[in-house]
Amino acid sequence: MPQVIGIPKEIFPGEKRVAIAPDVVQKLVGLGFSVQVEKGAGDAADIYDDALTAAGATIADSAAAIWSTSDIVFKVRAPTDGEVAQMKEGQALISFIWPAQNPELMEKLKEKKVTVLAMDAVPRLLSRAQKMDALTSQAGVTGYRAVIEAANAFGRYFAGQITAAGKIPPAQVFIAGAGVAGLAAIGTAAGLGAIVRANDTRAEVADQVKSLGGEFVKVDYDEEGSGGGGYAKVMSEGFQAAQREMYAKQAKDSDIIITTALIPGKPAPKLITADMVKSMKPGSVIVDLAAEQGGNCELTVPGEAVVRHGVTIVGYTDLHSRLAKQSSTLYATNLLRLTEELCKAKDGQIVVNMDDDAIRGFTVVKDGEITWPAPPLKLPAPPAAKPAAATPAAAAPAPKKSSGHGHGAPSEPMALKTLLIAFGIGALLFLLVGAYAPPAFLGHFTVFVLAIFVGYMVVWNVTPALHTPLMSVTNAISSIIAIGALIQIWPPGSPDRPNTWILIIAFVGLTLTTINMFGGFAVTRRMLAMFQK
């Protein structure tokens with residue numbers, strides 16, 4: 001008998017998302033499950049009942065019918081007390097839970113003897129868990145939407161323009177925190193033409209910021225900010241003081257500030273003070289993505305957009321719901337990937353395997369027992385150490401220095417002697433060439449040697465990332481062979497026709513060189529295009 005997956009309508013105030021999408025319904029049915037959705041559950045996200053029905057779902061008249069008849073319940077927000085009361089023993093719930101912030105909820109779920117998988121507890125250090133990482137998918141939406149809200153509140157274009165009516169400077173955008181939401185905001189703002197700067201306590205994200213078109217602003221204080229599970233850690237007081245100084249400077253120069261700093265289980269750090277807000281230009285905008293946890297700005301009002309000292313401070317806590325269809329589709333896909341891990345037999349039955357590190361990380365309540373927090377991940381064992389070198393007593397005797405006799409390794413004097421002999425032979429050959437070769441050959445030979453030296457030094461000092469386009473254009477412009485071939489085909493000032501073999505060889509050389517020239521420039525153009533935005 002296949003298990004029934006139920007999706008109730010979200011009842012949290014202002015929540016428009018739904019934990020399902022039509023294409024996900026079809027795939028869940030393909031895994032052997034039955035899917036039922038509360039009537040009108042997806043209307044606010046433009047996911048309507050007829051589309052869900054066409055994909056294979058059935059429509060239930062009420063939330064009570066969902067809770068009473070479903071074996072597994074998909075939700076977005078953590079269940080309310082009323083929803084917990086409707087749960088039945090043995091049921092499975094998959095949703096955001098935030099166990100660290102909701103200990104009372106955890107106890108109530110334990111009393112109901114259910115199994116709960118928290119979408120906010122994904123073990124992010126496991127690469128195969130990334131497809132189930134709902135925090136990342138939802139953070140990307142908020143980062144994008146933050147820029148849209150900033151653009152809506154801002155008084156002019158993001159991109160700079162020069163028009164007949166005057167010059168418009170590009171907007172100066174500063175992103176505080178370069179996590180998933182911050183990187184999404186950087187890419188969106190840069191795409192709109194703004195000049196984007198960003199900061200994060202984790203130094204390793206600097207390259208990611210630059211790759212998206214932003215400039216990384218470093219705090220003048222040496223301290224690593226990477227925490228566990230891909231999050232930042234709480235920094236020392238010395239670092240925070242240096243950070244505040246840097247933020248104060250950025251506030252004066254920026255038109256838009258987007259703050260994303262948040263550590264799970266802790267209040268949002270205050271990064272933007274009231275004095276910093278006062279120093280900003282009139283008409284500037286602050287979008288605080290940490291508003292739901294108190295905000296990164298001292299003047300943020302959660303859930304509202306307010307104007308303080310001429311600066312609009314956007315503290316909306318429903319940015320996911322302002323792109324409800326996109327958020328719902330991404331979240332439903334995360335749920336589908338998790339379900340595929342739980343139902344590898346594709347028989348419509350989930351199996352919560354506590355020996356699987358990924359599933360164990362998600363599971364916060366198992367059959368009425370609280371299993372959160374999960375034990376540390378079983379990381380791969382370090383490679384075996386190389387065997388220690390033999391002790392001097394057991395080691396083989398070192399080879400004796402040779403004085404030119406026997407079979408030992410050559411000594412330093414012997415190596416120097418060999419080098420001098422090679423140099424002497426080379427000098428003798430060069431002397432012979434100079435004595436007997438035509439004068440013209442000696443001049444060409446000297447230019448050839450110098451060209452090799454100069455070319456080597458030029459290529460050696462080029463950034464490795466540009467080696468391929470450099471070599472391709474070098475091949476193209478170095479085709480001086482074409483001139484030599486043309487001269488051989490018809491030597492200037494010579495009334496005699498060249499030898500047939502010389503003509504053939506020159507023609508073949510000219511043909512190959514032409515291909516090399518045009519091909520080299522074509523490859524160069526394609527390679528350099530890869531470095532352009």
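Within every chain, residues take consecutive numbers counted from 1 along the sequence as written. Residues qualify for local features only when their pLDDT is at least 70, as the model is predicted, and side-chain atom pairs are given and counted only at 80 or more; totals for whole chains, interfaces and linings, by contrast, use all residues. Where side-chain values are given, they derive from all heavy atoms of the structure, hydrogens and water being excluded.

A. Region of interest: the overall build of the protein chain. In DSSP terms, a helix is any run of H or I states spanning at least four residues, a strand is any run of E spanning at least two, and both are numbered starting from the N terminus. When its secondary structure is counted, the protein chain shows 17 helices and 17 strands. Burial analysis of the protein chain (533 residues in total) assigns 38% to the buried set. Within the protein chain, counting contacts between residues at least 6 apart in sequence, those at least 24 apart form 62% of the total. Residue-level accessible areas treat just the shown protein chains as cover; the underlying method is Shrake-Rupley with a 1.4 Å probe. Counting every atom, the protein chain has about 29500 Å² of accessible surface; 63% of that belongs to carbon and sulfur. Only protein chains enter the accessibility calculation, which uses a 1.4 Å probe. A residue is then buried if its area is under 20% of the maximum for its type, exposed if over 50%, and partly exposed in between. In what follows, residue pairs with any heavy atoms lying within 4.5 Å of each other are defined as contacts.

B. Main features of the pairing of strand E1 (residues 4-7). Burial along E1 is two-sided: Val4 and Gly6 facing one way and Ile5 and Ile7 facing the other are all buried. Of the strand pairs in this sheet, E1 and strand E2 (residues 34-38) are connected by 4 bridges, and their pairing is parallel. Within the sheet, the bridge partner assigned to Val4 lies in E2 and is Ser34. With strands facing away from the observer, any crossover in which the path from the first strand over the helix to the second runs clockwise is taken as right-handed. Considered for its hand, the β-α-β crossover made up of E1, helix H1 (residues 22-30) and E2 is right-handed. Strands qualify as paired when DSSP identifies two bridges or more between them. In the sheet, E1 pairs with strand E4 (residues 72-74) via 2 bridges, with the strands oriented parallel.

C. Fine view of helix H7 (residues 180-191). Here the expected length of a helix is defined as 1.5 Å per residue gap, with one fewer gap than residues. Its 12 residues place the ends of H7 17 Å apart at the C-alpha level, agreeing with the 16 Å of an ideal helix rising 1.5 Å per residue. Looking only at H7, the buried set comprises Ala181, Gly182, Leu183, Ala185, Ile186, Thr188, Ala189 and Ala190. The secondary structure elements touched by the buried residues of H7 are helix H6 (134-153), strand E9 (172-176), strand E10 (195-199), helix H8 (206-211) and strand E12 (256-259). Where H7 terminates, the next one or two residues include Gly193, which has phi positive at roughly 100 degrees.

D. Summary view of the confidence of the model for the protein chain. Looking at any residue, its pLDDT shows the predictor's confidence there, from 0 to 100. Per-residue confidence for the protein chain gives a mean pLDDT of 86; residues scoring 70 or more make up 83%. Taken together, the stretch residues 389-410 has pLDDT below 50 and engages in 7 contacts with residues farther than four places along the chain or on a different chain.

E. Just the sheet that holds E1, in detail. Spatially, E3-E2-E1-E4-E5-E6-E16-E17 is the arrangement adopted by the 8 strands of the open sheet, whose pairing is mixed. Bordering the open sheet on either side are strand E3 (58-60) and strand E17 (369-370), each of which pairs with just one other strand. To obtain each axis, a line is fitted to C-alpha atoms, and for helices this fit is confined to the stretch in contact; angles are then taken between N-to-C directions over 0 to 180 degrees. Strands strand E5 (92-95), strand E6 (115-118), strand E16 (363-366) and E17 of the sheet are contacted by helix H5 (residues 103-111), whose axis makes an angle of about 35 degrees with E16.

F. Up close: the pattern of salt bridges. Salt bridges are identified by distance alone: a Lys or Arg side-chain nitrogen within 4 Å of an Asp or Glu carboxyl oxygen. Counted according to the given criterion, the structure contains 19 salt bridges. The shortest N-O distance in the salt bridge between Lys344 and Glu341 comes to 3.8 Å. When its relative accessible area of 57% is taken as the criterion, Lys344 is described as exposed. With a relative accessible area of 15%, Glu341 lands in the buried category.

G. A look at the side chain of Arg202. One can find Arg202 in the loop between E10 and H8. In the analysis that follows, any N or O atom pair within 3.5 Å is treated as a polar contact, provided that within protein one partner can donate a hydrogen and the other can accept it, and provided that, for residues neighboring in sequence, both atoms belong to side chains. Within the local environment of Arg202, its side chain forms a polar contact with the side chain of Asp200, the two groups lying 2.8 Å apart.

H. Layout of the sheet that holds strand E11 (residues 215-216). Strand order in the open sheet formed by 7 strands is E11-E10-E9-E12-E13-E15-E14, with mixed pairing between adjacent strands. With partners counted over all chains shown, the strands left at the sheet margins are E11 and strand E14 (305-308), one partner each. Sheet analysis places strand E13 (residues 285-288) next to strand E15 (residues 311-314), joined by 3 bridges and oriented parallel. By the bridge assignment for E15, Val285 is matched with Thr312.

I. Molecular detail of the pairing of E12. The alternating pattern of E12 places Ile256 and Ile258 and Ile257 and Thr259 on opposite faces, both of which are buried. The sheet contact formed by E9 and E12 spans 4 bridges and is parallel. Pairing of Ala176 across the sheet is with Thr259, part of E12. Sheet topology places E12 next to E13; 4 bridges connect them, and they run parallel. Opposite Ile258, over in E13, you have Val287 as the bridge partner.

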